[in-house]
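Analysis of the macromolecular model
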Amino acid sequence: DVWKLVESGIHNCVGIFGVSLSDEQQFLLEKAGTMGVIPLFDNPKTDKAGEIAYKQFTEKCGSIFRIYTIKDIYGDTKDVGDFNNEQIQKLKEFITKVERIYQ
């Protein structure tokens, strides 16, 4: 999923390698000065693990980072790695809007 984003020109992304953010990963995000996060787990509408991961992430990090959700980007795709060009473009536009908040 991260490779798909990087190949598409989105470089401000990280993978958590599982379904939950570890305390060490959270610390690294905080240390890097992260203020806003767009979590992109597996499609939470069709993948139970993706739904659980999103819920756990927001519960753990909702008071630490501002969490931005892009609605209905997945469509029928399983995960970011399967996004088509239209979905990638929609994500890029959303990221640009979020970045403007912090400029």
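First, a word on what this report is: a plain description of the structure on this page. Since the model is a prediction, treat every value here as computed from it, not as a measurement. (Residues numbered from 1 in each chain as written. Predicted model: local features only at pLDDT ≥ 70, side-chain atom pairs only at ≥ 80, totals over all residues. Heavy atoms only, no water.)

On to the overall build of the chain, then. When helices and strands are tallied, the chain shows 4 helices and 2 strands. Helices and strands in the chain line up, N terminus first, as α-α-β-α-β-α. Against the globule reference of 13 Å for 103 residues, the chain gives a C-alpha radius of gyration of 13 Å, in line with a compact fold. Burial analysis of the chain (103 residues in total) assigns 31% to the buried set. Of the contacts formed within the chain by residues at least 6 apart in sequence, a portion of 67% connects residues at least 24 apart. Per element, the accessible surface of the chain, about 6,900 Å² overall, is 52% carbon and sulfur. (Helix = DSSP H or I, 4+ residues; strand = E, 2+ residues; numbered from the N terminus. Rg over C-alpha atoms; globule rule 2.2 N^0.38 Å. Buried < 20%, exposed > 50% of the residue type's maximum accessible area, 1.4 Å probe, protein only. Contact = heavy atoms within 4.5 Å. Areas by Shrake-Rupley, 256 points an atom, 1.4 Å probe, with all protein chains shown as cover.)

Between its first and last C-alpha atoms helix α4 (residues 85–101) spans 25 Å; for 17 residues at 1.5 Å apiece the expected length is 24 Å, and the two agree. Residue N84 occupies the N-cap position of α4, its side-chain oxygen lying 3.0 Å from the main-chain nitrogen of E86. (Expected span 1.5 Å × (residues − 1). Polar contact = N/O pair within 3.5 Å; in protein donor to acceptor, adjacent residues only side chain to side chain.)

What the rule picks out here adds up to 5 salt bridges. For K78, the salt bridge identified is with D42, shortest N-O distance 2.9 Å. Taken together, the positions of K78 in the loop between β2 (66–67) and α4 and D42 in the loop between β1 (36–37) and α3 (48–61) put the pair 36 residues apart, joining distant regions of the chain. In this structure K78 comes out as partly exposed when scored by relative accessible area, which is 41%. For the salt bridge of D72 with K45, the shortest nitrogen-to-oxygen distance reads 2.5 Å. Taken as a pair, D72 in the loop between β2 and α4 and K45 in the loop between β1 and α3 lie far apart in primary sequence, 27 residues in all. Overall, D72 belongs to the exposed group, its relative accessible area being 55%. (Salt bridge = Lys/Arg side-chain N within 4 Å of Asp/Glu carboxyl O.)

What follows deals with the packing of aromatic side chains. We describe a pair of aromatic rings using the distance from one ring centre to the other and the angle between the two ring planes. In total, this model carries 3 aromatic pairs according to the counting rule given. The interplanar angle of 75 degrees and the centroid separation of 5.6 Å between the aromatic rings of Y74 and F83 together place this pair among those described as edge-to-face. Per residue, the accessibility class of Y74 equals that of F83, and both read buried. (Phe/Tyr/Trp six-rings, centres within 6.5 Å; stacked < 30°, edge-to-face > 60°.)

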